[in-house]
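Working through the structure, step by step
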Amino acid sequence: MKQSKTGILLLQVGSPDRPTAWSVARYLRRFLGDPRLIDLPAPLRWILVNLIIVPFRSFRSAKAYAKIWTDKGSPLVAYTLEVGEGLQKRLGDSFVVQVGMAFGQPGIKEGVRAFQEHQVDRLLAVPLFPQNSSATTASTTAEAMQELIRQWDFPSLRVAAPFYNRPEFLDAWRSLIEDELRSFQPDHVLFSFHSMPLSHLAKSRHCSQNCLAAPRCQHAERQESSCYRGEAERSAELIAEVCGLDRAQWSLSYQSRLGRQAWLEPSTADAFHRLGNQGKRLAVLSPGFTTDCLETLEELGIEGRDEFMAAGGQDFLLLPCLNADPRWIDALEAICYQELKGWSPHHEC
């Protein structure tokens, strides 16, 4: 009897291949063409993306990417590949770990091909997003499913649950940042999450207009299953708790808005201005991202820092994401084993 291997597919959104306007334009067309990102009828979405957003954003975004580009390329891709390599070493030869970028390289197709070559017959897809979101978790999982259904031998499939409240995830954040917080001694800690249009949230069965109008998610307040907003709020609360932060020491905001529709509030840009006016020593972290990327390194660490200091801020510290820290890889290993628990592998003759 030959025991088959278990596949682990680490899912990310992706990144442009290079910090050039052409490469960024190609990436944005694929990324923003997903209906979960821009919720419009296909013809209108095509016009908006290809004739308005991409022509106006490509050159500006390419300059922003150039500021954070490394010798290994995109930080998001480089760190995620390191996580995949580290997790493979932790799990051993009975597992096949692959990284799949839904809208970039290495693509999901290459990962699925590797699973076929290694005769993987059970597959755990792990979206590397702590909170469940249609724009990230659903989008990348859907891309993986589209590739998998093209295969003749379809593996037994499981998708890992959001891990924003997992003790291993919280402890990885604590161990990563507590020394830096102690050394920097901020007056205030800001938890910045990627924003989301309210119209997207309203589609969730966990969300309602009453909930959206409330100061905080009502489900999260009762520690029930909640939408992206509720999971973001619980993430901030739980990380603040394990780091020993009093409620008055921290706040939450949302960044990276696009377009004129209503988005989650309060905005990170407004928070930078307000806290800067108060002359704060500010530490910023992004628990909605496991890996540093354009939104953390450039939007917060460069542009955000400049806005905060120009408003009168005293000092600014951008705390790193989990990236490829060994403690995060340890946590991810534990999350994978927990997801696989009780899932019996198949055997073939």
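Scroll up to find the structure.
Predicted model only: the values in this text are computed from it and were never measured.

**Here we look at unusual backbone geometry**
With omega at 0°, the peptide bond leading from Gln105 into Pro106 counts as cis. Note on placement: Pro106 falls in the loop between strand E3 (95-101) and helix H4 (108-117). Its identity as a non-glycine residue notwithstanding, Gln185 has a phi of 50°, on the positive side. Owing to a relative accessible area of 58%, Gln185 belongs among the exposed residues under this scheme. Positioned with a positive phi, Asn323 is a non-glycine residue whose angle comes to about 50°. Here Asn323 shows up in the loop between strand E9 (315-318) and helix H13 (326-340). Overall, the relative accessible area of 7% leaves Asn323 in the buried class.

**Structural notes on the sheet that holds strand E5 (residues 156-159)**
If you trace the four strands from one edge of the open sheet to the other, you get E3-E2-E4-E5, paired in parallel fashion. The two strands at the open ends of the sheet, each matched to only one other strand, are E3 and E5. Averaged over all pairs of adjacent strands, the angle between their axes in this sheet comes to 20°, without regard to strand direction. Bridge analysis of strand E2 (residues 6-12) against strand E4 (residues 122-127) gives six bridges, and the strand direction is parallel. Within the sheet, the bridge partner assigned to Gly7 lies in E4 and is Leu123. Each of E2, E3 and E4 is contacted by H4, which is oriented at about 165° to E3, the strand it contacts most. In the packing of helix H5 (residues 134-148) onto the sheet, the strands contacted are E2, E4 and E5, and the crossing angle to E2 comes to about 135°.

The rules behind these values
Every chain begins its residue count from 1, and numbering advances along the sequence as written. Reporting in this predicted model follows two pLDDT cut-offs: at least 70 for local features of residues, and 80 or more for side-chain atom pairs to be given and counted; totals over whole chains, interfaces and linings ignore these cut-offs and use all residues. Based on all heavy atoms of the structure, the side-chain values leave hydrogens and waters out of the count. Working definition: helices are DSSP H or I runs of at least four residues, strands are E runs of at least two. Numbering for both runs from the N terminus. Accessibility here uses a 1.4 Å probe with only protein chains present; expressed as a share of the type maximum, an area under 20% marks a residue as buried, one over 50% as exposed, and anything in between as partly exposed. At least two DSSP bridges between two strands are needed for those strands to be called paired. To get an axis, a line is fitted to the C-alpha atoms, and for a helix only the part in contact is used. The angle between two axes follows their N-to-C directions and goes from 0 to 180 degrees. Only heavy atoms enter the contact rule, under which two residues are in contact if any of them lie within 4.5 Å.

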